[in-house]
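Here are the chains, one letter per residue:
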Amino acid sequence: MNKQSNEMNVKNLCSRKLWELLKNAEWQSNTERFAIESELSDRRHYVKELEQLSGRETMH
C-alpha cells in the first residue's frame, strides 16, 4: 500500500464534511489538517470560520 491510499482525499468530500472534520479535530495528522484548511480556503467556503479557528489556536 502506498501512503496516498491511507490519506484522506479532501477533493472528494463536500465542504460541510471538511468543516466538520476540521472543527471536531477528526484529522489524523497536521498534513491532513493543512490539506483540509487549504481545500476549504481554495473553495472559499467557511473562510470566516477558518480565520476564527486559527485565531483561537494561536491564543492557546
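Preceding this section is the structure that the text describes.
Note that the coordinates shown come from a computational prediction; the quantities given were computed from them, not determined experimentally.

## Details of helix H3 (residues 30-43)
Here comes step 1: Relative to the 20 Å expected for 14 residues at 1.5 Å per residue, H3 spans 20 Å between its end C-alpha atoms, a close match to the ideal helical length.
Here comes step 2: Regarding H3, the residues found buried are Glu 32, Arg 33, Ile 36, Glu 37, Glu 39 and Leu 40. Across the axial projection of H3, the buried residues extend over an arc of 160°, all falling on one side. Exposed side of H3, more than 90 degrees from the buried face: Asn 30, Thr 31, Phe 34 and Asp 42 are the residues found there.
Here comes step 3: Of the residues flanking the end of H3, it is Arg 44, one or two places downstream, whose phi is positive at about 60°.

## Observations concerning the pattern of salt bridges
Here comes step 1: Following the criterion strictly, the structure yields 3 salt bridges and no others.
Here comes step 2: Residues Lys 11 and Glu 39 are paired through a salt bridge, measuring 2.9 Å at the closest nitrogen-oxygen approach. Residue Lys 11 is found in the loop between helix H1 (3-6) and helix H2 (15-23), and its partner Glu 39 is found in helix H3; the two are separated by 28 residues along the sequence.
Here comes step 3: For Lys 11, a relative accessible area of 57% gives the class exposed.
Here comes step 4: Between Arg 43 and Glu 39 there is a salt bridge; the shortest N-O distance is 2.8 Å. Note that Arg 43 and Glu 39 are positioned in helix H3 at a spacing of 4 residues, about one turn of the helix.
Here comes step 5: Arg 43 sits in the partly exposed class, given a relative accessible area of 22%.
Here comes step 6: Glu 39 sits in the buried class, given a relative accessible area of 8%.
Here comes step 7: Taken together, the shared-partner salt bridges in this structure form one network comprising Lys 11, Glu 39 and Arg 43.

The rules behind the values
Sequence positions are assigned chain by chain, starting from 1 and proceeding in written order. For a predicted model such as this one, the threshold for reporting local features is a pLDDT of at least 70, and the threshold for listing and counting side-chain atom pairs is 80 or more; totals across whole chains, interfaces and linings nevertheless cover every residue. Hydrogens and water are ignored here; the side-chain numbers use all heavy atoms of the structure. Secondary structure elements follow DSSP: runs of H or I of four or more residues count as helices, runs of E of two or more count as strands, with numbering from the N terminus. Here the expected span of a helix is defined as 1.5 Å times the quantity of residues minus one. Note on exposure labels: buried denotes an accessible area under 20% of the residue type's maximum, exposed denotes more than 50%, and partly exposed covers the range between, all computed with a 1.4 Å probe on protein chains only. What the arc covers is the set of directions going from the helix axis to the C-beta atoms. Here, a salt bridge means any side-chain nitrogen of Lys or Arg that lies within 4 Å of a carboxyl oxygen of Asp or Glu.

Read these as geometric descriptors, not functional statements.
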